Amino acid sequence: QAFARWAREQEEATGKEVTLWLDKACIDQNNIDQSLACLPIFLSGCQTLLIVAGPTYCSRLWCVMEIFTFLRMGGETERIELKLIANPGQNQAAAKRELAAQLGTFNASKAQCYKQEDRQRLLAVIEAGFGDFDEFNKGVREVFKLRLKLTEGRNHVLGKNETK
């Protein structure tokens, strides 16, 4: 629903049909090393990086590495959109507040990957690129903070328009 709503909003705003590239669907999960070698190319071609973040987002290192890659490939923070979602049945507002708090305290050293060797490789990339996790964590938190402000502003405006 979040993807469909976002795509409708984009189409209404631009008059153009939206094309989505979904990493989970487009990266061969059985040949992940070869597919991930192309990730920078895929992300450099994106006009917008849409992050649909749910309760497990901050615990998944690959997700956050996509932000890092997008920015390193010339993407701008302003071209990142963040949509927070909750599990069905959860109080939506409370779940989104909890997720926003998690984003504000993101720590790469606590995030995991399905494969331990992927985690070690990604942590090494972070250390090589930033010197330590603190700088990387600060950068990621700042992206989340800036994008959450934009998201909250849009949701507030949407709420006003929907009541008319």
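As a reminder, the structure under discussion sits directly above these lines.
All of these numbers come straight from a predicted model, not from anything done at the bench.

### Overview of the overall build of the chain
Then step 1. Helix and strand counts for the chain come out as eight helices and two strands.
Then step 2. Starting at the N terminus and ending at the C terminus, the chain contains elements arranged as α-α-α-α-β-α-β-α-α-α.
Then step 3. Its C-alpha radius of gyration of 16 Å places the chain within 12% of the 15 Å reference for a compact globule of 164 residues.
Then step 4. Classification of the 164 residues of the chain by burial places 34% in the buried group.
Then step 5. Long-range pairs, those at least 24 residues apart, make up 66% of the contacts in the chain between residues at least 6 apart in sequence.

### Some thoughts on the packing of helix α5 (residues 61-72) against helix α7 (residues 116-130)
When two helices pack together, their arrangement is given by the angle between the helix axes and the distance between those axes.
Then step 1. Close contact between α5 and α7 brings their axes to 11 Å; oriented N to C, the two are set at 35°. α5 and α7 meet at a crossing whose hand is left-handed. Every residue of α7 that contacts α5 at Leu61, Trp62, Met65, Phe68 and Arg72 is listed here: Asp118, Arg119, Arg121, Leu122, Leu123, Val125, Ile126, Gly129 and Phe130.
Then step 2. Considering only residue class, the contact of α5 with α7 consists of nine nonpolar, one polar and four charged.

### Some remarks on the environment of Glu12
Then step 1. Note on placement: Glu12 falls in helix α1 (residues 2-14).
Then step 2. When the C-alpha atoms of Glu12 and Arg79 are compared, they prove to be 18 Å apart, with 67 residues separating the residues in sequence.

### Considerations on the layout of surface pockets
Then step 1. There is about 210 Å³ of room inside the second largest pocket.
Then step 2. What lines the second largest pocket is Asp33, Leu36, Ala37, Leu39, Pro40, Trp62, Met65, Phe68, Thr69, Arg121, Leu122 and Val125.
Then step 3. Going through the elements one at a time, α3 (32-37), α4 (39-44), α5 and α7 are the ones with two or more residues in the lining of the second largest pocket.
Then step 4. If one sorts the elements of the lining of the second largest pocket by residue count, α5 sits on top with four residues.
Then step 5. For the lining of the second largest pocket, a count of residues per class yields nine nonpolar, one polar and two charged.

### Remarks on α5
Then step 1. Here α5 is 12 residues long and its end C-alpha atoms lie 16 Å apart, about the 16 Å a rise of 1.5 Å per residue gives.
Then step 2. Counting buried residues along α5, nine of its 12 residues qualify, which places the element largely inside the surrounding structure.
Then step 3. Within α5, the full set of buried residues consists of Leu61, Cys63, Val64, Met65, Glu66, Ile67, Phe68, Thr69 and Phe70.

### Here we look at the environment of Phe68
Then step 1. With respect to the element layout, Phe68 can be found in helix α5.
Then step 2. For the pair Phe68 and Arg119, spaced 51 residues apart in sequence, the C-alpha separation works out to 15 Å.
Then step 3. Beyond its immediate sequence surroundings of up to four residues, Phe68 is in contact with Val125, Phe130 and Phe136.

### Brief notes about the packing of aromatic side chains
Then step 1. Summed over the entire model, instances satisfying the criterion amount to six aromatic pairs.
Then step 2. Taking 5.4 Å as the distance between ring centres and 55° as the angle between the ring planes, the aromatic pair formed by Phe68 and Phe130 counts as tilted. Highlighted residues: Phe68 in helix α5 and Phe130 in helix α7, separated in sequence by 62 residues.
Then step 3. Taking the centre distance of 5.2 Å and the plane angle of 70° together, the rings of Phe130 and Phe136 count as edge-to-face.
Then step 4. Joined through ring pairs, the aromatic side chains of Phe68, Phe106, Phe130 and Phe136 make up one cluster.

Parameters at a glance
- Residues numbered from 1 in each chain as written.
- Predicted model: local features only at pLDDT ≥ 70, side-chain atom pairs only at ≥ 80, totals over all residues.
- Heavy atoms only, no water.
- Helix = DSSP H or I, 4+ residues; strand = E, 2+ residues; numbered from the N terminus.
- Rg over C-alpha atoms; globule rule 2.2 N^0.38 Å.
- Buried < 20%, exposed > 50% of the residue type's maximum accessible area, 1.4 Å probe, protein only.
- Contact = heavy atoms within 4.5 Å.
- Axes fitted to C-alpha atoms, helices over the stretch in contact; angles between N-to-C directions.
- Left-handed = near helix turned anticlockwise from the far one by under 90°.
- Nonpolar A, V, L, I, M, F, W, Y, C, P; charged D, E, K, R; others polar.
- 1 Å grid on protein atoms, 1.4 Å probe; cavity = no way out; pocket = protein on both sides within 12 Å on 5 of 7 lines; lining within 4 Å.
- Points joined across faces, edges and corners; volume = space filled by probe spheres on them.
- Expected span 1.5 Å × (residues − 1).
- Phe/Tyr/Trp six-rings, centres within 6.5 Å; stacked < 30°, edge-to-face > 60°.

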